[in-house]
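# A look at the structure
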Amino acid sequence: MTSLNIGSLVEINNDFTVKNRLFKSAMSEQLGDKYHNPTTGLFQVYKTWAEGGIGLSVTGNVMIDRTALGEPKNVVLDEQSDLSLFEQWAKAGKVNNSKIWMQLNHPGKQIPSFLSKEPVAPSAISLGKGLDKAFNKPRALTEPEIIAIIDKFATSAKFAKDAGFDGVQIHGAHGYLVSQFLSARHNKREDKWGGSLENRMRFVVELYDAMRSKVGSEFPIGIKLNSADYMKGGFTPEESMQVIKKLGDIGIDLIEISGGTYESPSMVGHKIKDSTKAREAYFLDYAEQARSIVSTKLVVTGGFRSTKAMNNALASGATDMVGLARPLAIYPHLPNQAMQDELFTAFVPTPTTGLRGVDKMAMLSITWFETQIARIAKGKSPKSDLSAWVTVIGIMKDMGRQAFKPRRA
Ligand SMILES: Cc1cc2nc3c(=O)[nH]c(=O)nc-3n(C[C@H](O)[C@H](O)[C@H](O)COP(=O)(O)O)c2cc1C
């Protein structure tokens, strides 16, 4: 077994190499303007990450349909977008020989009720775990609507390519539309888009094919996929493995492994065993299995904090890249630091006001990191000791009455 380290070059496909193994995983920045175009703050954030040494950055989820936003300040890429702003975003993410991909998403039913009265989903099934109050019950998509959504994903991918992004990533994880189609808990359709796993994966397969035919054979297309959604009757690890096999066979360039949904947010450590957390990489065992069935390049995201754990994961052969999200919101120069210091460990706090109810309502496990990204957007340094109240007050100022309405897990 060769011993790889985070500083080594990685070839994603014959035409696409990344200068090191560090992969910035998507974080929804909430820095879109009122037309859902990217702002100068976003350019600053991605330039900072690129200067910090990241090999490949994936943007926060960009929506493919402006009538289906997951969060109020999402960026949308469609015919109405100002492509010149996306060009500036791509350019900022490419300084210092960094690469930047755009994550494309449709939230399906994971749209907070204040953003949509009637979201769409594979089937008319509400979110569980008490989320049904904050997220309206969806209606089932018609077949022409499914085809139109697939087309929108492909169109957004083509625009991303035209704007200068180096690749795109399908958001197939965390309970959004692609993940809803894959899950037997959420997809109870009786047509060719539901039922057997083959039918449930038709949406993502056709999505990939449609994108591929619009962007050509060389432009990288990746996917973020759940190892499981950790819900009764939901997407299982065995099913996920079969989806990985299929996506590998049809030519996807990179598979990022995560897990969880709004109902059970394992992507940020919920229901992950303490022993796994101590090893840092939440989904490494699953990646090891995936590695045995596909030769597609893999990224494992969730839990990495130290150079040692990152290098161990790479040396194990289970993953080709190391995915990082929250640590980069606090340490934007983490790649340069971690590549220079094998004892480096990022300290990523669990932000709290001391009042559990307030923490939950303000969604601090997400929003506190958004506050850090907003600081970077203004050219300031993030602050690991930033009071959780700064985030709470900021949300209240920004969102008024909506401040405490759940908008994600
Ligand atoms: C503020 C915030 C926003 C996020 N937004 C996205 C997103 O848009 N798309 C996505 O795939 N994952 C998103 N995630 C999940 C991360 O990409 C990642 O899977 C998770 O945080 C675990 O990795 P970490 O332990 O390195 O933070 C987000 C996480 C945070 C903290």
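Residues numbered from 1 in each chain as written. Predicted model: local features only at pLDDT ≥ 70, side-chain atom pairs only at ≥ 80, totals over all residues. Heavy atoms only, no water.

Quick look at the environment of L56 now. By the secondary structure assignment, L56 is in strand 4 (residues 56-58). Along the sequence, L56 and H36 sit 20 residues apart, while their C-alpha atoms lie 24 Å from each other. Sequence-distant contacts of L56, that is, excluding residues within four places in its chain, are made with V18, L22, F23, K24, K99, I100, W101, L254 and M321. (Helix = DSSP H or I, 4+ residues; strand = E, 2+ residues; numbered from the N terminus. Contact = heavy atoms within 4.5 Å.)

For the pair helix 14 (residues 364-377) and helix 15 (residues 388-399), interaxial distance at closest approach is 9 Å and the crossing angle is 90°. By the criterion of interaxial angle, the relationship of helix 14 to helix 15 is roughly perpendicular. Only A388, V390, T391, V392 and I395 of helix 15 make contact with helix 14, whose side of the interface consists of L364, T367, W368 and T371. The residue inventory of the contact of helix 14 with helix 15, partitioned by class, reads six nonpolar, three polar and no charged. (Axes fitted to C-alpha atoms, helices over the stretch in contact; angles between N-to-C directions. Parallel < 35°, antiparallel > 145°, perpendicular 65-115°, else oblique. Nonpolar A, V, L, I, M, F, W, Y, C, P; charged D, E, K, R; others polar.)

The next thing to look at is helix 7 (residues 237-250). When the terminal C-alpha atoms of helix 7 are compared, their 20 Å separation across 14 residues agrees well with the 20 Å that a helix rising 1.5 Å per residue should span. Turning to helix 7, its buried residues number three or more, namely E239, S240, M241, V243, I244, L247 and G248. Packed against the buried residues of helix 7 are helix 4 (177-182), helix 5 (197-200), helix 6 (202-215), strand 10 (221-226), strand 11 (254-258) and helix 9 (284-293). (Expected span 1.5 Å × (residues − 1). Buried < 20%, exposed > 50% of the residue type's maximum accessible area, 1.4 Å probe, protein only.)

For N97, which is not glycine, the phi torsion reads 60° and is therefore positive. With respect to the helices and strands, N97 occurs in the loop between helix 2 (83-93) and strand 6 (99-105). Not every positive phi belongs to a glycine, and H174 is a case in point at roughly 60°. Relative to the assigned elements, H174 resides in the loop between strand 9 (167-172) and helix 4. Overall, H174 belongs to the buried group, its relative accessible area being 9%.

Right, let's get into the site of the ligand. The environment of the ligand is made up of 22 residues, and the closest members are A26, Q103, K224, G303 and R326. At 2.8 Å, a side-chain N or O of K224 approaches an oxygen atom of the ligand. Coverage of the ligand by the protein chains reaches 99% of its 610 Å² of free accessible surface. When the residues that make up the shell around the ligand are grouped by side-chain class, the tally is eight nonpolar, ten polar and four charged. (Near = heavy atom within 4 Å. Polar contact = N/O pair within 3.5 Å; in protein donor to acceptor, adjacent residues only side chain to side chain. Areas by Shrake-Rupley, 256 points an atom, 1.4 Å probe, with all protein chains shown as cover.)

UniProt tags residues 14-340 as "domain: NADH:flavin oxidoreductase/NADH oxidase N-terminal" (unreviewed entry). In the segment residues 14-340, helix accounts for 36% and strand for 15%; the C-alpha atoms at its two ends are 29 Å apart. (UniProt positions renumbered as here; feature names shortened; annotations may be inferred.)

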